Amino acid sequence: MKKSVQKLFKGLLITTVTLLCGFGICAVSFNLFGTLTENEMKLFVALDVITLLTVGGVFYYIDEKKTKSRKKEKEFEKRHMQRVERAFREYDGLDMVKICANSNDYAA
């Protein structure tokens, strides 16, 4: 339940920011519409599109990096647990715990 609420909040936040940015860009464009030449308007629209694509690309890259990091962490944890289970099976886990408990060599 907690993750779904976080996803909902994140989605609403992204939607709100996108709408506000879009509104701001449109407001500036329409206010400058009468004062700019046709070529200046084309350049301005191109800059708007490039800016939006750049910002979207940055956020997409950040999201993909987080997803990749989480996936890598889960895979590492899975491999670690497999190694621990294999060690306990190979060396009879109870004997290993007894050896570590009775030995002062392993004390920190």
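Model, not experiment: these values are computed from the prediction. (Residues numbered from 1 in each chain as written. Predicted model: local features only at pLDDT ≥ 70, side-chain atom pairs only at ≥ 80, totals over all residues. Heavy atoms only, no water.)

This paragraph deals with the overall build of the protein chain. Summing up its helical and strand segments, the protein chain has three helices and zero strands in all. The linear arrangement of helices and strands in the protein chain, starting from the amino end, is α-α-α. Within the protein chain, the proportion of its 108 residues that are buried is 6%. (Helix = DSSP H or I, 4+ residues; strand = E, 2+ residues; numbered from the N terminus. Buried < 20%, exposed > 50% of the residue type's maximum accessible area, 1.4 Å probe, protein only.)

We now examine the pattern of salt bridges. In this structure the tally under the stated criterion is two salt bridges. With a shortest N-O distance of 3.8 Å, Asp63 and Lys10 are connected by a salt bridge. Of this pair, Asp63 sits in helix H2 (residues 38-91) while Lys10 sits in helix H1 (residues 2-32), and the two are 53 residues apart along the sequence. Among the ionic pairs, Lys42 bridges to Glu38, the shortest N-O distance being 3.5 Å. Within this pair, Lys42 and its partner Glu38 are both found in helix H2, separated by four residues, close to a single helical turn. The pair Lys42 / Glu38 is uniform in exposure class, with both members exposed. (Salt bridge = Lys/Arg side-chain N within 4 Å of Asp/Glu carboxyl O.)

Tracing the backbone through its elements, the reader meets Asp48 in helix H2. Of the side chains with opposite charge, Lys42 comes closest to the buried, unpaired Asp48, at an N-O distance of 15 Å. Setting aside anything within four residues of it in sequence, one finds Asp48 in contact with Ile25 and Ser29. (Lys, Arg positive; Asp, Glu negative; His and termini not counted. Contact = heavy atoms within 4.5 Å.)

Moving on to the confidence of the model for the protein chain. Of the residues in the protein chain, 82% have a pLDDT of 70 or more, and the chain-wide mean is 79. Across the protein chain, element-level confidence peaks in H2 with a mean pLDDT of 85 and bottoms out in helix H3 (residues 93-102) with 61. (pLDDT = per-residue confidence, 0-100.)

Let us look at a nonpolar patch on the surface. Nonpolar side chains collect at one region of the surface, where Val55, Val58, Phe59, Tyr61 and Ile62 lie side by side and expose about 500 Å² of accessible area between them. Structurally, Val55 can be placed in helix H2. A relative accessible area of 41% means that Val55 is categorised as partly exposed. (Patch = residues over 30% accessible without salt bridge, like charges linked within 9 Å, V, L, I, M, F, W, Y side chains within 5 Å. Areas by Shrake-Rupley, 256 points an atom, 1.4 Å probe, with all protein chains shown as cover.)

Moving on, we come to a positive patch on the surface. A surface patch of positive charge is lined by Lys68, Lys72, Arg79, Arg83, Arg86 and Arg89. Looking at the element boundaries, Arg89 is found in helix H2. Its relative accessible area of 63% is what places Arg89 among the exposed residues. (Charge placed at Lys NZ, Arg CZ, Asp CG, Glu CD.)

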